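Below are the chains, spelled out letter by letter.
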Amino acid sequence: MIIRNAGAIARNDAMRSDALEIAEAGIAAVLPENVIANSIQLNGDVLDIKGHKYDLSRFKRIFVLGGGKASGTMAVEVEKILDGRITAGIVNDRYGVDVKSRTIKINHAGHPLPTEDGVRGVKEMLRMLSKAGPDDLVIFLISGGGSALLPCPAKGISLEDKARLTDMLLKSGATIAEMNAVRKHVSAVKGGNLVKYANGAAVVSLIVSDVVGDDASFIASGPTAPDCTTFSEALQILKKYGIYEKSPQSVINHLENGAKGLVPETPKPGDPIFERVNNVIVASNIIALEAAARKASEKGYRPLILGSCITGESREVGLVLSGIAKECLRSGNPIMPPAAIISGGETTVTVVGIGKGGRNQELVLGFLQNFTPGMTIISIDTDGIDGATDACGAIADATTMKKAQEMGLQISDFLKNNSSYDFFKALGELVYTGPTGTNVSDLRLILIRNEHAAPQQ
């Protein structure tokens, strides 16, 4: 995986090149080939998953299932460890992902909107689970994107209606936790419901987290985790973001019936169906941030991790980050330049325009509203795809601002239309990786140094 940006090549700028290299180190730390190897060991017949031990000699069969934007690459790594022991398996990954596996089938489906191919994959998983029993082990591979890639609409809701609901949620400005609270309650398998199909088999889920706080019940809408949200909360979320009246009637009927107790709630903490279930986080945003900090230190910058739990409207978060960076240059607080301010989490975009972009591109555009020379910012989605674009994010520095002024590009106009992609494409400032095979949400980096000063050695 190599991060590409045309501007870095054309300008041969050291700080810009450093930013790309540091960001790449962050992503590399959470690639499945690294996190799976660090989380799972097979010693004889004993499979040790971060302290959860399974004596494989006691299980008749091992099934590997899953879905999400890292599920294909996770499947390949699990196969390497359990070579010859897997009975059967299938995971749902995105269209275009090219990974080769032996026993585990890679089923390609749509994201961010669910597709029929995804439904077919889930049905095959359920058929596989129907053969399982108390003497079997089910390993579930879960990662961000699983909410769309593991579609199985609740009875009475069509896939088209679920896709329409998803599209509205994505554009509403709702957080990932809020979106998934709704999606759990319009699904037959999310919110812990998948465990019902396991027939008492032992279940262990290996989870690559793209959710702030790493709550397993919200990652991919928690197919194997108990759910604390309710039908009533799902309805309130739709009303909060003004999409209740616009939602498909089948969705509203289902949620209203659930709130009245006419449809069973998702299984809650303490439910006996989870007695043989372990949900294990194997990768998360903070791992990527810490790796980026180590690389920044190697490159001569003083690293400061602001946190992995930053949320909010993308353009506003960008504006706040620019204020922090400006203070670093002005007074040396909260850290003295040369500095690397690193943060993660997942921001949101409330779509009001008709433009094209992603939350990371819009964050960088928001940052540029209060830009000061001496800074380089890069913000990327670790899965390689920012929004519905071919870029993973954007990078910007003083040269970006100069070129934008020369071309007559007004930041406010592009923010108004949610056209961050068009702004950065025109300037050659988009950043690309292609699908990375992992997904721990966003990585943001601001390199700061007084102009004409080199990084410390």
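Rules and cut-offs
Residues numbered from 1 in each chain as written. Predicted model: local features only at pLDDT ≥ 70, side-chain atom pairs only at ≥ 80, totals over all residues. Heavy atoms only, no water. 1 Å grid on protein atoms, 1.4 Å probe; cavity = no way out; pocket = protein on both sides within 12 Å on 5 of 7 lines; lining within 4 Å. Points joined across faces, edges and corners; volume = space filled by probe spheres on them. Nonpolar A, V, L, I, M, F, W, Y, C, P; charged D, E, K, R; others polar. Pairing = 2+ DSSP bridges. Helix = DSSP H or I, 4+ residues; strand = E, 2+ residues; numbered from the N terminus. Right-handed = clockwise from strand over helix to strand, strands pointing away. Salt bridge = Lys/Arg side-chain N within 4 Å of Asp/Glu carboxyl O. Buried < 20%, exposed > 50% of the residue type's maximum accessible area, 1.4 Å probe, protein only. Phe/Tyr/Trp six-rings, centres within 6.5 Å; stacked < 30°, edge-to-face > 60°. Contact = heavy atoms within 4.5 Å. Expected span 1.5 Å × (residues − 1). Axes fitted to C-alpha atoms, helices over the stretch in contact; angles between N-to-C directions. pLDDT = per-residue confidence, 0-100.

Below, the discussion takes up the layout of surface pockets. Considering only enclosed or pocket space, the largest pocket measures out at about 1,000 Å³ in volume. Surrounding the largest pocket, 46 residues form its lining, Pro-112, Leu-170, Arg-359, Gly-387 and Ala-388 being those nearest its centre. A class-by-class count of the residues in the lining of the largest pocket yields 15 nonpolar, 19 polar and 12 charged.

A few words now on the pairing of strand E10 (residues 302–310). Here E10 pairs with strand E11 (residues 339–345) via 6 bridges, running parallel. Paired with Gly-307 across the two strands is Ser-343, which belongs to E11. Handedness of the crossover joining E10 and E11 through helix H12 (residues 314–331) is recorded here as right-handed.

This part takes up the pattern of salt bridges. Counted under the stated rule, the structure contains 26 salt bridges. The partner of Asp-227 in a salt bridge is Lys-184, with the nearest N and O atoms 2.8 Å apart. Taken together, the residues Asp-227 in the loop between strand E8 (202–208) and helix H9 (231–240) and Lys-184 in helix H8 (residues 176–184) connect sequence positions 43 residues apart. Two residues, Arg-359 and Asp-442, come together in a salt bridge whose shortest N-O distance is 2.6 Å. You can see Arg-359 sitting in helix H13 (residues 359–367) and its partner Asp-442 sitting in strand E15 (residues 442–448), a full 83 residues away along the chain. Across the pair, exposure class does not vary: Arg-359 and Asp-442 are buried alike.

Next up on the list: the packing of aromatic side chains. Counted according to the given criterion, the structure contains 3 aromatic pairs. Between Phe-367 and Phe-371, the ring centres sit 6.4 Å apart and the planes meet at 65 degrees, which makes this aromatic pair edge-to-face. Its relative accessible area of 15% is what places Phe-371 among the buried residues. One aromatic cluster is present, formed by Phe-414, Phe-423 and Phe-424 through successive ring pairs.

Before going further, it helps to spend a moment on the environment of Ala-404. Checked against the element boundaries, Ala-404 lands in helix H14 (residues 398–407). Overall, Ala-404 belongs to the buried group, its relative accessible area being 5%. Taking the C-alpha atoms as reference, Ala-404 lies 8.8 Å from Ala-426; in sequence the two are 22 residues apart. Contacts of Ala-404, omitting those with residues within four sequence positions, involve Leu-409, Phe-423 and Leu-427.

What follows concerns helix H11 (residues 285–298). Here H11 spans 20 Å end to end across 14 residues, near enough to the 20 Å set by a 1.5 Å rise per residue. Here H11 has its buried residues at Asn-285, Ala-288, Leu-289, Ala-291, Ala-292, Ala-293 and Ala-296. Contacts made by the buried residues of H11 are with helix H2 (14–28), E10, E11 and E15.

Moving on, we get to the sheet that holds strand E6 (residues 104–109). Spatially, 6 strands are ordered E6-E5-E4-E7-E8-E9 in an open sheet, and the strand pairing comes out parallel. Edge positions in the sheet fall to E6 and strand E9 (277–283), since each of these pairs with one other strand and no more. Shown here is a sheet whose adjacent strand axes are inclined to one another by a mean of 20 degrees, direction ignored. Here strand E4 (residues 61–67) runs beside strand E5 (residues 88–94); their pairing, made up of 5 bridges, is parallel.

Moving on, we come to empty space enclosed by the protein. If you walk through the whole model with that rule in mind, you get 2 cavities of 30 Å³ or more. Here the largest cavity is characterised by a volume of approximately 40 Å³. Taken together, Leu-129, Val-138, Phe-140, Leu-194, Val-195, Ala-198, Val-203 and Thr-224 make up the full set of residues lining the largest cavity. Grouping the constituent residues of the lining of the largest cavity by class yields 7 nonpolar, 1 polar and no charged.

All right, on to the environment of Gly-261 then. Tracing the sequence through the fold places Gly-261 in the loop between helix H10 (249–259) and E9. For the pair Gly-261 and Phe-231, spaced 30 residues apart in the sequence, the C-alpha separation amounts to 9.1 Å.

It is worth spelling out the side chain of Asp-18 at this point. With respect to the helices, strands and loops of the structure, Asp-18 is situated in helix H2. Once residues lying within four places of it in the same chain are set aside, the contact partners of Asp-18 are Lys-299, Tyr-301 and Leu-447.

Below, the discussion takes up the sheet that holds strand E3 (residues 52–55). Strands pair in a sheet through their backbones, by hydrogen bonds, and they do so in one of two ways: parallel or antiparallel. The 3 strands are arranged E1-E2-E3 in an open sheet whose pairing can be described as antiparallel. Taken across any chain shown, the strands that pair with only one partner, and hence form the sheet edges, are strand E1 (40–43) and E3. Shown here is a sheet whose adjacent strand axes are inclined to one another by a mean of 20 degrees, direction ignored. As paired strands, E1 and strand E2 (residues 46–49) are joined by 4 bridges and run antiparallel to one another. Considered in E2, the bridge of Ile-40 is made with Ile-49.

Once that is clear, we can look at the confidence of the model for the chain. Looking at the chain as a whole, the pLDDT averages 95, with 97% of positions reaching at least 70. The model gives residues 452–457 a pLDDT under 50, and that stretch makes 9 contacts with residues more than four places away or in other chains.

Here the focus is the pairing of E8. Side-chain direction in a regular strand flips from residue to residue, so the side chains alternate between the two faces of the sheet. With 7 of 7 residues buried, E8 lies mostly within the body of the structure. Across the two faces of E8 the burial is the same, with Ala-202, Val-204, Leu-206 and Val-208 and Val-203, Ser-205 and Ile-207 all buried. Sheet analysis places strand E7 (residues 136–143) next to E8, joined by 7 bridges and oriented parallel. Across the sheet, Ile-139 pairs through a bridge with Val-204, a residue of E8. Sheet topology note: the E8/E9 ladder contains 6 bridges and is parallel. Within E9, the residue paired with Val-204 across the bridge is Asn-278.

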